[in-house]
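Each chain is listed here by its residues.
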Amino acid sequence: MSRVRPGEATPAHVFIYGSCVTRDTFEHAPPELYTLRRYVARQSLISAFAGPAPVTAPSSITSSFQRRMLEGDAAGNLPQLLTEAPLVDLLLWDLTDERLGVLVSPEDHVVTRSVERMRVGVDEVLDGWRHVELGSQEHHERWTAALGHFRKLLGRLGLLDRTLLLDVPWAVDSDDGSPVPSSFGMSSYEANERLAPYYEEAGAAGLGVGRVAPEQVIAAANHRWGHAPFHYTDITYAAVVNVIERSRPWTGDNEGTRDA
C-alpha cells in the first residue's frame, strides 16, 4: 500500500465506503489532494462480513450503479474489494447506509435494507426475512462483531491507520428555515441518538473517528438529491473536508476523534 506524505505532489488515493454523505463531500475536496479510486455504497458492515446471500437485484432496478451496489451487498464484497484494491492511501467511511437496518433470512443470510430494496417492495421480494433495526440490541451486537472482522482486515491490509470514520450528525436545521424532513419515519434526533453507540464502538476499537460539530451541520433545502437530514449545505461539506485534512490518517498521524 502506498503512503502519501505532506508535500508530495501525488494526490491521496481514496476508497469510499459509505453513502452520499462522503461521496458528496469528496466533490468539495481539492482534486490536487485527493483522487477517488473506489466507491462502495448500500452495504451495511453487517452484510459485508456475513457472507454471500442468495438474493439478486430486482429487474426493475435499471441504474447500473444501483444494481452493482445491490449485487455487491448480497455478495458481501467489501472485504474482497478492499483486498484487491491496488492502491489505497485513505479509506473514508460513514454510517448513513446503516439507517434502515438489515434483513435476515431464516438461514441467517443478511442483506442491507437499502432505499432501493424498500422502493421495490422488499417485504414481498424477501418473504420470510425479518427486519433488524438500527439501534436494536441484535443490530448492535451483529455490527460490533462485524467491526471486529473489519478491524482485523484493515490491520492485515495496512489500512488501520489510514481509515477515518466520518461522524456527521443528521441536520436538525435547514438553510431556508424550513423543517428538516424525517427519513423513512426516523427524525434527525432519533438517528443521532441511535448512531452514537456505533461511533463509540469504532473509536474504542482503535479506528479514527472524525466528528463534525453539530452547529456546522445544516441541511440544504434545495439539495440535488432532495431535502433530507443527510443532504447538506456547502458549509457542512467544507467542514467535513476540514476534519479529513486535520486528521490526515493517510500520513500515520491520526490522533483519534476530532471536532471540526
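Description of the structure in this document. Fair warning: this is a prediction, and the values are worked out from it, not measured in the lab. (Residues numbered from 1 in each chain as written. Predicted model: local features only at pLDDT ≥ 70, side-chain atom pairs only at ≥ 80, totals over all residues. Heavy atoms only, no water.)

A short note on the overall build of the chain
Counting secondary structure elements, the chain contains nine helices and nine strands. Taken over the C-alpha trace, the chain has a radius of gyration of 18 Å; the compact-globule value for 260 residues is 18 Å, and the two agree within 12%. Considering the chain as a whole, with its 260 residues, one finds that 52% of them fall into the buried category. Residue pairs in contact within the chain that sit at least 24 positions apart in sequence constitute 72% of those at least 6 positions apart. (Helix = DSSP H or I, 4+ residues; strand = E, 2+ residues; numbered from the N terminus. Rg over C-alpha atoms; globule rule 2.2 N^0.38 Å. Buried < 20%, exposed > 50% of the residue type's maximum accessible area, 1.4 Å probe, protein only. Contact = heavy atoms within 4.5 Å.)

Quick notes on the nonpolar core
Ranked by size, the top nonpolar core spans 69 residues in total, and within it Phe15, Tyr17, Leu82, Trp93, Trp143, Phe150 and Tyr232 carry the most contacts. Here this core takes seven residues from helix 7 (residues 137–157), the largest share from any one element. (Core = buried A, V, L, I, M, F, W, Y, C linked by side-chain atoms within 4.5 Å.)

Some words on the pattern of salt bridges
Enumeration over the complete set of coordinates arrives at 13 salt bridges. Close ionic contact of Arg211 with Asp167 constitutes a salt bridge, the shortest N to O distance being 3.0 Å. Highlighted residues: Arg211 in strand 8 (residues 208–211) and Asp167 in strand 7 (residues 163–167), separated in sequence by 44 residues. On the basis of relative accessibility, which here comes to 7%, the residue Asp167 falls in the buried class. (Salt bridge = Lys/Arg side-chain N within 4 Å of Asp/Glu carboxyl O.)

Some details on the pairing of strand 1 (residues 12–18)
Among the seven residues that make up strand 1, seven are buried, leaving the element largely enclosed by the rest of the structure. Neither face of strand 1 is left uncovered, since the one carrying Ala12, Val14, Ile16 and Gly18 and the one carrying His13, Phe15 and Tyr17 both have all their residues buried. By the bridge criterion, seven bridges tie strand 1 to strand 2 (residues 34–41) in an arrangement that is parallel. Its bridge partner lying in strand 2, Val14 is registered against Leu36. One crossover worth recording links strand 1 to the parallel strand 2 by way of helix 1 (residues 20–26), and it is right-handed. Pairing geometry for strand 1 and strand 3 (residues 90–93), over four bridges, is parallel. Looking at strand 3, one finds that Ile16 is bridged to Leu92. (Pairing = 2+ DSSP bridges. Right-handed = clockwise from strand over helix to strand, strands pointing away.)

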